[in-house]
Amino acid sequence: MTQDVEMKDTQAPSNSQSSAVSPTLQHLKEIASLIETGSYTKEIRRISRAVRLTFALRRKLTAPVLSAFLDFVLVPGSEAHGKLSAYVQKEGEHDMEVDTATSAIQTPGKHLLPELEIYCHLLVLLFLIDQKKYNEAKACSSASIARLKSLNRRTLDVLASRLYFYYSLSYELTGDLAEIRGELLTLHRLATLHHDELGQETLLNLLLRNYLHYNLYDQAEKLRSKAPRFEAHSNQQFSRYLFYLGKIRTIQLEYTDAKESLLQAARKAPVSARGFRIQCNKWAVIVRLLLGEIPERTIFMQKGMENALRPYFELTNAVRIGDLELFKTVAEKFADTFNKDRTHNLIVRLRHNVIRTGLRNISISYSRISLADVAKKLRLDSANPVADAESIVAKAIRDGAIDATLDHANGWMLSKETGDIYSTNEPQVAFNSRIAFCLDMHNEAVRALRFPPNSHKEKESAEKRRERQQQEQELAKHIAEEEDDDF
């Protein structure tokens, strides 16, 4: 009796452990079956769905589960099985024995499809990055890319685009991003020759990120201008492209185009991509300030962004008031934040805008004011503030920032009366820009609509309709996880 009790006590942990492992393993086997079906039927949508399901299971991946899945998919003793198992089998060997014992009962089938092999590489790479084993992730991603370059199948495009992203991420996490720039250019050239548009999108964004990481804005613009143009296939990749384009345009002083790109990137980004949206809003706020605009207060009060945008809110307040002393205080107070965001050089450009805003407020408040008082109110700390104030006022009048005249003899600035803005073309221009934005959004929504293939040729049966509705429900269920993991 005592022996029976002891045997039950020793078997309890293994049963609970195998029951905890088996659901995730079973889901991975179903995903492998989905990839196999998509490969045979040439349906890329099935493979895309398999990738979305994988990211939903990402946090549940463990070494025993991955080891058992590799034994199920790959042929034991093969080169791919040996390489990938070496990255996984370094931890939890006792647990792996339990799991392989349970999986051996199921008599798994062996698959030799390239899609499944690349999927195993992607799965192991995700596991290594989540476990913060970045050096091993670099080696695994390099081996995966070498294997991927020898294949040319359109059913691999979705898996390849994800593999490219994590290949670059693994090198970025170790600070070796410059090492793979030549390899990324080679991969982009291969994707162009293979007409892999999704791969071209992903690799172009990775190359732009690579260049911008090292402040190589001229090289990034040359690549962007010469890269092939085509309709966007991924909303996430298009959002990233718009963000990088906005940064390039900002550095090149093309603030109007930069503002449009950054705001569009922030709108297209999913709600769950909070970090990406914060970066877009930071750069958009700086660009709007450089354009002489004052961003709305609601931008800084967005849910989950208040603390991150606080330095830019105080900076906007200083620019709105036109207080040069307050602007200097805010710039010094949050200097570390601005340097981390790489916006410090842009904030230096804002000094002239602060002076111009203060001068505009003075011109509205006073019909006539001496240049000495202008220099005092602007808090100019130069050796000859009156002469500086005179040159600033003259330049503002020439640029049309203020409607005034300059009396050099008496040292006065004479402001003209403010006219009715509705007698000008400004309201028409504002309405035109809003209408154009709505029309562009409508056209993009129409282009993004998906239609079932051959719907105009054959009628849909009841069974196919049920299968399609089930796929649409699963797509809606996992779209949030996909957007979260992409960013």
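Residues numbered from 1 in each chain as written. Predicted model: local features only at pLDDT ≥ 70, side-chain atom pairs only at ≥ 80, totals over all residues. Heavy atoms only, no water.

What follows covers the overall build of the protein. In terms of regular secondary structure, the protein is built from 23 helices and three strands. Counting the 487 residues in the protein, one finds 44% classified as buried. Considering only residue pairs separated by 6 or more positions, the protein has 67% of its internal contacts joining residues 24 or more positions apart. (Helix = DSSP H or I, 4+ residues; strand = E, 2+ residues; numbered from the N terminus. Buried < 20%, exposed > 50% of the residue type's maximum accessible area, 1.4 Å probe, protein only. Contact = heavy atoms within 4.5 Å.)

Right, let's talk about helix α10 (residues 197-213) for a bit. Spanning 17 residues, α10 covers 24 Å between terminal C-alpha atoms, matching the ideal 24 Å at 1.5 Å per step. Counting buried residues in α10 gives 14 out of 17 residues, a clear majority hidden from the surface. (Expected span 1.5 Å × (residues − 1).)

This part covers the confidence of the model for the protein. Scored by pLDDT, the protein has a mean of 78; 85% of the residues are at 70 or more. Across residues 1-21, confidence stays below pLDDT 50; counting only partners more than four residues off in sequence or on other chains, it has five contacts. In this model, residues 91-111 is a region of pLDDT below 50 whose contacts with residues beyond four sequence positions or in other chains number 36 contacts. (pLDDT = per-residue confidence, 0-100.)

A surface patch of nonpolar side chains, amounting to about 330 Å² of accessible area, comprises F431, I435 and L439. Along the polypeptide, L439 turns up in helix α22 (residues 426-447). (Patch = residues over 30% accessible without salt bridge, like charges linked within 9 Å, V, L, I, M, F, W, Y side chains within 5 Å. Areas by Shrake-Rupley, 256 points an atom, 1.4 Å probe, with all protein chains shown as cover. Salt bridge = Lys/Arg side-chain N within 4 Å of Asp/Glu carboxyl O.)

Note on placement: K303 falls in the loop between α15 (297-300) and α16 (310-321). Counting along the chain gives 29 residues from K303 to R274, while the straight-line C-alpha distance between them is 9.5 Å.

Below, the discussion takes up the environment of Y167. With respect to the helices, strands and loops of the structure, Y167 is situated in helix α8 (residues 157-173). Y167 sits 26 residues away from S141 along the chain, and the two C-alpha atoms are 5.1 Å apart. Those residues within four positions of Y167 in sequence are excluded, and the remaining contacts are L125, S141, S142, I145, I180, E183, L184 and L187.

Moving on, we come to the sheet that holds strand β1 (residues 368-370). If you trace the three strands from one edge of the open sheet to the other, you get β1-β3-β2, paired in antiparallel fashion. Each having just a single partner strand, β1 and β2 (404-407) make up the two edges of the open sheet. Looking at each pair of strands side by side, their axes are set apart by 20° on average, direction ignored. Here β1 runs beside strand β3 (residues 412-415); their pairing, made up of three bridges, is antiparallel. (Pairing = 2+ DSSP bridges. Axes fitted to C-alpha atoms, helices over the stretch in contact; angles between N-to-C directions.)

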